[in-house]
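Below, each chain spelled out in residue letters.
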Amino acid sequence: MSKKRSLSAQGRAYGAPSSVLRRALLGGLVLTVLLAVAGLLAYLTRAESPTSTKPSPTPASTQRAASPEATTGNDAAVAAPPKTGDPIVFAKAATKVLWTYDTRSFSRAEHVAGLKRWMTSEKKYTDWESVSDQIPSPVLWSRMHDNGQHASAKVGEGHFPQAFKTALAQDPGAITEAYVYAVTVTGKQSIAWKGSGSGAESRATTLAVQCRPDHACALVGVLPSVAP
């Protein structure tokens, strides 16, 4: 991919684990860890913040309520979250929308509003900053728009990291407080821009997904690093 032409490569618009970790440390993000041999984030808690997004989760049998911002934008900017109780199915769908964008047709505000619909409403666990860190800045989005840049994603495999499975086996009841699962997803992101420019790269991410019984899953956040 051309370094000059692909603007998302500047600042790593989609996927900046080091900046997520720095922000977590500086911002007082509280991580609750289920320890295995090497340790893995199994569920994540976050200090209550007035800027946290609070779209309401709903039972799987009912329609998920959209946040006020989501209702004002164009829903087509980001696909709607699936109504599923399967953490892996949800994480794969969430990964696809995190790796997909179209600056030609949608504003950054529309894109942000669409992603907020995926978040859990539980302030104790939601980590919107780790998700918003994946979105190009307003200035970069404008430059990408001028360049006609857009991206699509093909999601491959999703799984519970081994350390997460080990931790659950050692303490099965630990999950029942937050019902937050760690899921690692792999796939490929393809980027194109004006002048027939294009490029693609294989990617992987680990998401924290909340799936309470009798409720549709919701996104908690993006972990700072990929868990195998």
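All figures in this text were calculated on a predicted structure; none of them were measured in a lab.

Reading the values: the criteria
- Residues numbered from 1 in each chain as written.
- Predicted model: local features only at pLDDT ≥ 70, side-chain atom pairs only at ≥ 80, totals over all residues.
- Heavy atoms only, no water.
- Disulfide = S-S within 2.5 Å.
- Buried < 20%, exposed > 50% of the residue type's maximum accessible area, 1.4 Å probe, protein only.
- Pairing = 2+ DSSP bridges.
- Helix = DSSP H or I, 4+ residues; strand = E, 2+ residues; numbered from the N terminus.
- Expected span 1.5 Å × (residues − 1).
- Arc of directions from axis to C-beta.
- Contact = heavy atoms within 4.5 Å.
- Polar contact = N/O pair within 3.5 Å; in protein donor to acceptor, adjacent residues only side chain to side chain.
- 1 Å grid on protein atoms, 1.4 Å probe; cavity = no way out; pocket = protein on both sides within 12 Å on 5 of 7 lines; lining within 4 Å.
- Points joined across faces, edges and corners; volume = space filled by probe spheres on them.
- Core = buried A, V, L, I, M, F, W, Y, C linked by side-chain atoms within 4.5 Å.

All right, on to the state of the cysteines then. Evaluation of the coordinates by the stated rule reveals one disulfide. Linked covalently through their sulfurs, Cys211 and Cys217 form a disulfide whose S-S length is 2.0 Å. With the S-S bond torsion at 115°, the cross-link from Cys211 to Cys217 turns out right-handed. Under the relative-accessibility criterion, Cys211 is labelled buried at 5%. Judged by relative accessible area, which is 0%, Cys217 ranks as buried.

Once that is clear, we can look at the sheet that holds strand β5 (residues 180–193). Pairing within the open sheet is antiparallel, and its five strands lie in the order β3-β4-β5-β6-β7. The outermost strands of the open sheet, each flanked by one partner alone, are β3 (101–102) and β7 (218–222).

Between its first and last C-alpha, helix α3 (residues 87–98) extends 16 Å over twelve residues, near the 16 Å set by a 1.5 Å rise per residue. By the burial criterion, the buried members of α3 are Pro87, Phe90, Ala91, Ala94, Thr95, Val97 and Leu98. Angular distribution of buried residues about the axis of α3 spans 160°; they occupy a single face of the element. Looking at the packing, one finds that the buried side of α3 touches α4 (108–116), α5 (128–132), β4 (150–159), β5, β6 (197–210) and β7. The N-cap of α3, judged by a side-chain oxygen 2.9 Å from the amide nitrogen of Ile88 a few residues on, is Asp86.

Using the criterion set out here, one finds one cavity of 30 Å³ or more in the structure. For the largest cavity, the calculated volume is near 30 Å³. Taken together, Ala94, Val97, Leu98, Leu115, Trp118, Val131 and Leu219 make up the full set of residues lining the largest cavity. Among the elements that take part in the lining of the largest cavity, α3 stands out by supplying three residues, more than any other.

Next up on the list: the nonpolar core. Grouped together as the largest cluster of nonpolar side chains are 30 residues, with contacts concentrated most on Leu115, Val131 and Leu207. Elements represented by at least two residues in this core include exactly α3, α4, α5, β5, β6 and β7. It is α3 that provides the largest number of residues to this core, a total of five residues. Residues in contact with Val131, not counting those within four places in the same chain, are Leu98, Leu115, Met119, Leu219, Gly221 and Val222.

Secondary-structure assignment places Gln210 in strand β6. A polar contact of 3.0 Å, which involves the side chain of Gln210, links it to the backbone oxygen of Ala178. If sequence neighbours within four positions are ignored, Gln210 has contacts with Thr120, Glu122, Tyr125, Ala178, Tyr179, Val180, Ala216, Cys217, Ala218 and Val220.

The backbone of Tyr179 shows a phi angle near 55°, a positive value even though the residue is not glycine. Locating Tyr179 in the fold gives a position in the loop between α7 (162–170) and β5. Although it is not a glycine, Ser196 sits at a positive phi angle of roughly 65°. Here Ser196 falls in the exposed class, since its relative accessible area comes to 73%.

Here we come to the pairing of β5. Of all 14 residues in β5, ten are buried, a share of seventy percent or more. As judged from the eight bridges shared by β4 and β5, these two strands associate in the antiparallel manner. Within the sheet, the bridge partner assigned to His150 lies in β5 and is Ala192. Note that β5 and β6 share 14 bridges and pair antiparallel. From the neighbouring strand, Val185 faces β6, where its bridge partner is Thr205. Hairpin connection between β5 and β6: a loop of three residues separates the two successive antiparallel strands, and Gly195 in this loop has a positive phi of roughly 80°.

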